[in-house]
Amino acid sequence: MTSGLCNVCLRNSLPFVDPEHPYSLEELKVVSEDSIEVDDKLSHVRVVFTPTVEHCSMATIIGLCIRVKLMRSLPSRFKVDILVAPGTHETEASINKQLNDKERVAAALENPNLLEIVEECLSPSFQTWT
Amino acid sequence: MELLDSNVDLKELQKLQGHADRVWGLAWNPAPHNCGGASAMLASCSGDKTLRIWQMGPTHRLDCSTILEDTHTRTVRSCAWSPCGKFLATASFDSTTAIWKYVGGDFECVATLEGHENEVKSVTWSSSGTFLATCSRDKTVWIWEVQPGDEYDCVAVLQGHSQDVKMVQWHPLVDVLVSVSYDNSIKVWAEDGDSDDWHCVQTLNEGSSGHASTVWSVAFNSSGDRMVTSSDDLTLKIWDTSSAISQTDTEGFASWRHLCTLSGYHGRTIFSAHWSSEGIIASGAGDDALCLFVEEKGNSIEEPSYRLLLKKEKAHDMDINSVRWNPKDQRILASASDDGTIKIWEVREIS
């Protein structure tokens with residue numbers, strides 16, 4: 001399940017990636033199997049992700065994509081916490097707060113521009129299979 | 001019946017289904033008889049962009065009598081009835097607040113309040129009926145004065161919070177407004193005696209025994225001498241607000257103070273807390289649980305304390321966003337959830 005979860009691909013505007021060659025978050029080492037905790041009994045999932053660089057402006061978008069992917073893949077009983085790996089981003093606390101405020105997330109996903117970016121990132125045509 | 005002396009349980013009376021998305025907010029009509037003689041009316045608002053009105057029929061069950069749709073273009077986040085019960089305000093992520101009037105069995109949109117730069121999170125009507133207040137992710141709180149002919153004039157745009165304002169609530173007896181925020185603070189706003197200027201008279205933050213994370217809700221008890229706030233820091237805090245009623249205009253604002261913190265009862269963000277006219281505090285949280293608390297009586301020397309009366313685990317299948325006591329029947333509680341349903345509960349003593 002976790003490798004399926006990891007196959008979230010970012011193509012748009014991630015400055016370090018050639019748009020012609022999309023990489024998955026797992027390949028970019030943004031998430032790994034170790035950074036995901038699942039407690040089925042408590043219905044709890046925690047994902048810790050590492051943005052590619054310390055001031056990566058895409059960190060919130062990455063976090064949002066992870067949240068949407070999980071929302072659509074997991075049973076509704078699951079509570080999901082998404083956190084930036086400690087020490088890997090300069091505005092870590094601010095990003096964590098935004099990503100875990102469900103009202104902020106809900107409002108963001110009603111923004112058509114933002115939703116379009118998230119949908120593109122999660123769309124199967126951008127997943128790489130080697 | 002003295003609740004402290006008995007054991008109670010929470011009986012699920014009814015489950016209201018119909019919303020197509022999470023239910024964010026609830027409001028019981030304080031004067032339902034003014035809307036065609038109904039005995040109970042509950043408004044609910046949702047991520048499905050609609051507001052539903054549920055009315056008590058002859059069978060003592062609530063049925064959906066009205067769906068207000070095609071007005072808001074995004075989530076309807078909060079709803080509030082006017083004290084006379086004939087008007088309903090709905091606050092939306094589309095940045096507007098709509099005012100609906102009960103006219104001959106139906107609700108008509110008679111005004112749209114615009115001005116916030118982005119999502120409106122909460123709307124509240126003052127008990128004097130003179131004012132409305134709204135708040136938004138744009139960090140501001142707006143105060144509107146109700147004019148004749150269904151006109152609403154903005155009389156103040158209050159800046160001060162450094163982040164989104166999650167909820168606003170008028171004091172039940174005097175025109176004092178409280179706002180709570182993503183910036184972790186609680187602010188109290190009042191009108192200057194002479195100048196009619198609204199300003200912040202107190203800020204309750206972590207330094208004043210306030211919350212350590214986003215504050216999601218605020219509610220007063222019916223006598224207005226106590227206030228409860230709930231937060232992402234997993235606590236509920238009780239505040240002494242008695243100075244609001246005892247002081248006069250000339251004295252200036254006398255501070256409110258922290259009385260008690262209730263922690264360890266919820267494992268996730270506490271989205272809502274509400275005080276019944278009998279003094280029971282209900283809380284609903286992201287752990288899907290509902291809790292009831294009462295004041296521990298008998299400590300005349302020490303600070304008032306509160307104890308857990310009951311915890312209902314898995315009250316809903318998902319997060320609980322709002323809990324509201326029925327003002328006309330103090331043992332009836334409504335809860336709204338991310339699972340798209342509303343549940344009606346009755347507090348009963350068990351032998």
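What comes next concerns the included structure. Everything numeric in this text was worked out from a predicted model, so none of it was measured.

## So, the overall build of chain A
Helix and strand counts for chain A stand at 5 helices and 5 strands. Mapped in sequence order, the helices and strands of chain A form the string α-β-β-β-β-α-β-α-α-α. Expressed as a percentage of the 130 residues in chain A, the buried residues total 48%. In chain A, the share of contacts with a sequence separation of at least 24, taken over all contacts with a separation of at least 6, comes to 61%.

## Concerning the interface of chain B and chain A
Contact with chain B, which involves 27 residues of that partner, is made by 18 residues of chain A. Together, the buried faces of chain B and chain A total about 1700 Å²; carbon and sulfur atoms form 43% of this surface. Looking only at chain B, the three residues that lose the most surface to chain A are Arg74(B), Tyr182(B) and Arg268(B), adding up to 37% of its buried area. The interface formed by chain B and chain A holds 10 salt bridges in total. For the salt bridge of Asp81(A) with Arg268(B), the shortest nitrogen-to-oxygen distance reads 2.9 Å.

## Points about the sheet that holds strand β3 (residues 41–46) of chain B
Residues and elements named next belong to chain B. Spatially, 4 strands are ordered β2-β3-β4-β5 in an open sheet, and the strand pairing comes out antiparallel. Each end of this open sheet is capped by a strand with a single partner; those strands are β2 (23–28) and β5 (62–68). The mean angle between the axes of side-by-side strands here comes to 25 degrees, regardless of whether they run parallel or antiparallel. Strand direction decides the pairing type here: β3 and strand β4 (residues 51–56), joined by 5 bridges, are antiparallel. By the bridge assignment for β4, Cys45 is matched with Leu51.

## Considerations on unusual backbone geometry
For Ser43(A), which is not glycine, the phi dihedral falls at a positive 55 degrees. Among the secondary structure elements, Ser43(A) is positioned in the loop between β3 (36–39) and β4 (44–49).

## Some remarks on the packing of aromatic side chains
Residues and elements named next belong to chain B. Following the criterion strictly, the structure yields 12 aromatic pairs over all chains and no others. Judged by centre distance (6.5 Å) and plane angle (40 degrees), the rings of Phe87 and Trp125 are tilted. Remark: Trp125 occurs in strand β10 (residues 120–125) and Phe87 occurs in strand β7 (residues 87–92); sequence separation between them is 38 residues. With relative accessibility at 9%, the residue Trp125 sits in the buried group. Measuring from ring centre to ring centre gives 6.2 Å for Trp275 and Tyr306, while their planes differ by 75 degrees; the resulting arrangement is edge-to-face. You can see Trp275 sitting in strand β22 (residues 270–275) and its partner Tyr306 sitting in strand β25 (residues 305–312), a full 31 residues away along the chain.

## Some thoughts on the environment of Tyr306(B)
All names here are of chain B. With a relative accessible area of 7%, Tyr306 lands in the buried category. A C-alpha to C-alpha distance of 6.4 Å links Tyr306 and Phe293, two positions 13 residues apart in sequence. The residues touching Tyr306, leaving out its near neighbours within four places in the chain, are Arg226, Ile238, Cys260, Leu262, Trp275, Ile281, Val294, Glu295 and Glu296. A distance of 3.4 Å separates the side chain of Tyr306 from the side chain of Glu295, its partner in a polar contact.

## Regarding the pattern of salt bridges
As enumerated under the stated definition, the model contains 22 salt bridges over all chains in all. Here Glu103(A) ties to Lys166(B) by a salt bridge, and the two come within 2.6 Å at their closest N and O atoms. Of this pair, Glu103(A) sits in helix α4 (residues 102–109) while Lys166(B) sits in strand β14 (residues 165–170), each in a different chain. Using a relative accessible area of 0% as the deciding quantity, one classes Glu103(A) as buried. Judged by relative accessible area, Lys166(B) falls into the buried class, the value being 2%. For Asp338(B), the salt bridge is made with Arg22(B), and the minimal N-O distance between the two is 2.9 Å. Note that Asp338(B) is positioned in the loop between β27 (332–337) and β28 (342–350) and Arg22(B) in the loop between β1 (7–16) and β2, a separation of 316 residues in sequence. Summarising the burial analysis for this pair, Asp338(B) and Arg22(B) share the class buried. Linked by salt bridges that have partners in common, Lys79(A), Lys102(A), Arg22(B), Asp288(B), Lys314(B), Asp319(B) and Asp338(B) make up one network.

Here is what the cut-offs are and how they apply
Residues numbered from 1 in each chain as written. Chains lettered and ligands numbered in written order. Predicted model: local features only at pLDDT ≥ 70, side-chain atom pairs only at ≥ 80, totals over all residues. Heavy atoms only, no water. Helix = DSSP H or I, 4+ residues; strand = E, 2+ residues; numbered from the N terminus. Buried < 20%, exposed > 50% of the residue type's maximum accessible area, 1.4 Å probe, protein only. Contact = heavy atoms within 4.5 Å. Buried area = accessible area lost by both parts, 1.4 Å probe. Salt bridge = Lys/Arg side-chain N within 4 Å of Asp/Glu carboxyl O. Pairing = 2+ DSSP bridges. Axes fitted to C-alpha atoms, helices over the stretch in contact; angles between N-to-C directions. Phe/Tyr/Trp six-rings, centres within 6.5 Å; stacked < 30°, edge-to-face > 60°. Polar contact = N/O pair within 3.5 Å; in protein donor to acceptor, adjacent residues only side chain to side chain.

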